[in-house]
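Examination of the molecular architecture
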Amino acid sequence: MGGIEGVRTRTGATNTGAEDAFGAAMADQGFRLARLAFFLCGDRTRAEDLVAEAFAGAWPKWSAGRVDNLGAYLRRSVVNLAAKDRRHRLVVSRHDARATTTRLVTPGADEGLGTRIDLAQILCTLPPAQRVVVVLRYLEDMSEAEIAALLGVPPGTVKSRLSRALDGLRSQLEGADHA
Amino acid sequence: MPEHDEPEHDEPEREEPEREETADRLRREFGRQAPEFDLGASLAGRVTGLVRRRRRLRLVAAVAATAAVMAAVAVPLSALRSTPLGHGVTPAMTPTTPTTTPTTPTTPTTSPGPALACNTLDLSTTGSATRFTTTTSLGPVTATLAATTGGPPQGSGLSDAVVTVAEGASHFTEAVTPPAQANGDVVLSSLAPLPADAVTTPQTPNDDALCLVHFPGDAGPTLLIGLDTGYAHCCTVVRALTVSPTGLAAPVDMNTMNAPASLTTSPTDGGPLIVTADNAFAYQFTSFAFSGLPIRLLRFTGGAFVDVTKLNPDLVTTDARRWMTAFNANATNGLGLLAAWVADECVLGHAPSAYATLNGLLAGGKLVGPTAPQGAAYVAALKAFLTQHGYCRS
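Residues numbered from 1 in each chain as written. Chains lettered and ligands numbered in written order. Predicted model: local features only at pLDDT ≥ 70, side-chain atom pairs only at ≥ 80, totals over all residues.

Let us now look at the overall build of chain B. For chain B, the helix and strand inventory stands at 8 helices and 16 strands. By sequence separation, contacts in chain B at least 24 residues apart represent 59% of the contacts at least 6 residues apart. (Helix = DSSP H or I, 4+ residues; strand = E, 2+ residues; numbered from the N terminus. Contact = placed C-beta atoms within 7 Å.)

On to the overall build of chain A. Each helix and strand counted, chain A has 7 helices and 0 strands in total. Listing the helices and strands of chain A from first to last along the sequence gives α-α-α-α-α-α-α. Within chain A, buried positions represent 41% of all 179 residues. Sequence-distant contacts in chain A: of pairs separated by 6 or more residues, those separated by 24 or more amount to 57%. (Buried ≥ 20, exposed ≤ 12 C-beta atoms within 10 Å, placed from the backbone.)

Below, the discussion takes up the sheet that holds strand S13 (residues 262-265) of chain B. Residues and elements named next belong to chain B. Spatial ordering of the open sheet is given by S13-S14-S15-S16, a layout of 4 strands whose pairing is antiparallel. The sheet terminates laterally at S13 and strand S16 (304-307), the two strands that pair on one side only. Sheet twist, expressed as the average angle between the axes of neighbouring strands with direction ignored, equals 45°. Bridge count between strand S15 (residues 295-301) and S16: 4 bridges; the pairing is antiparallel. Bridge pairing in S16 places Leu-298 opposite Asp-307. (Pairing = 2+ DSSP bridges. Axes fitted to C-alpha atoms, helices over the stretch in contact; angles between N-to-C directions.)

With that settled, the discussion passes to the confidence of the model for chain B. It should be kept in mind that the predicted coordinates are not to be read in detail where pLDDT is low. Residues and elements named next belong to chain B. Here chain B shows a mean pLDDT of 76. Residues at 70 or above account for 71%. Element-level pLDDT for chain B is lowest in helix H4 (residues 78-81), with a mean of 25, against a maximum mean of 96 in helix H6 (residues 335-347). Contacts from residues 56-113, a stretch scored under 50 in pLDDT, to residues over four places away or in other chains number 133 contacts. Across the whole predicted complex the pTM is 0.55, and at the interface the ipTM reaches 0.75. (pLDDT = per-residue confidence, 0-100.)

Attention shifts here to the sheet that holds strand S5 (residues 159-167) of chain B. All names here are of chain B. Strand order in the open sheet formed by 4 strands is S3-S4-S5-S6, and the pairing between neighbours is antiparallel. Since the sheet does not close on itself, it has two edges, and those belong to strand S3 (131-138) and strand S6 (170-175), each with one partner. On average, adjacent strands in this sheet sit at an angle of 20° to one another, irrespective of strand direction. Bridge count for S3 against strand S4 (residues 141-148) is 8 bridges, and the pairing is antiparallel. Following the sheet pairing, Thr-134 is matched in S4 by Leu-145.

Rendered as structure tokens:
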């Protein structure tokens, strides 16, 4: 499999500096973005595909010099792609008479860790808007202001979604502990 | 994301310390349960493929942005609709030509060998809603694609695409219709010949989608047109039309789906080959990003696509080496890549040694991945899959 080195800019010129930086971003941030995607969509294989889609979507803009902060851009792409993917799956399942409830696939997520809860499963019980802010806040360690900027919503909205999400998760986490 | 804006409000009903406790618990669980991902070189390969595919579509979209400038030189579509279309001889018909200037790149053909010639075309230099032509020649036969680039509001596919094949005084025309799997647009997909050091991945993302190919044993050339069906995880269709002194045969489409298609020359007999890969392996043992698709070599002869992979062991050997290298570089998510290697080895007649290698990897605990099946179950599933798809007997 070739790398990004085979890809040329729209003008046909190669852009070695951009390729190097982009390749480094794939190596450095691919893992982190895949983790983010996993907790957003609950499916490991779909998470890998979402990350690839995010990088592929970022490359044209990055190579044209239209992206200042590649990491932030990629993170936003993954969040948006996960939301788009979820909507797509909803549409598909509605139109598929044979569709059954999507089973969450979390292979190896808690193997050997002695934990009783499956975090990805629990996150899926949250409304999507709350799930996103929880993952960005506690997995990505972003501030409420940063999350607000990423999602394009007021900081107060982020705060209220986090509060509701924490309230919703509390009982589930406690319930799991006592299971 | 279509987020509903929610009003800011205080949430006094629960004490902050309780939320803090939940937040701490969440942080710990994220730390404990975050899965390992070993994306490695496979991510780069997957991204490269996606970028190339999107680039083709983006070129035409970029063309649409220049609509206002180029509208002055656009050709009325009615000029082309009057051209008779269809199979068979159309005597004394003048080949389609634009009535105004925008003849984009009708550049000389690329010809890696005497039996193969493709056009060169870069739609990024063609304006929106502009009639263009591009030509390729092989011996006495010349093929010309004439089409109109997309314009606002849809701005993506070509319209009124017609291919004209000329040999001596005869001209044959055929409308280029969207593949059955497409979303209604005619979008070109490069069939550019591969460089000598490449196997399954086209290195030149041009729009060289019109090729004349003389397959061994055929009396005349075959016209190949590369098309893209659009959508993600789809995309490539190779359309073949046999050229004969009496006209063009009905087009036959081969949908290679996620696998790209390119042309190369066979090291075995020097004849041209269509290089693609077996899409059946996509998603079979892992995600698409980590699925290896074993090489598939085709020719179009006798009015049908024929699989000639087994007749070209040199190319299969190179492909197998590539998958084994990729597998060795992906310790935690390599089972999809290994499957492609075993398939190639089966094609080469090395099934016993390939299965011995599998057993060795199984004994060494190396057959692990993020999804089922793994270990012995993977070996069993792989063998069944390869048998089902005609690669190996169990």
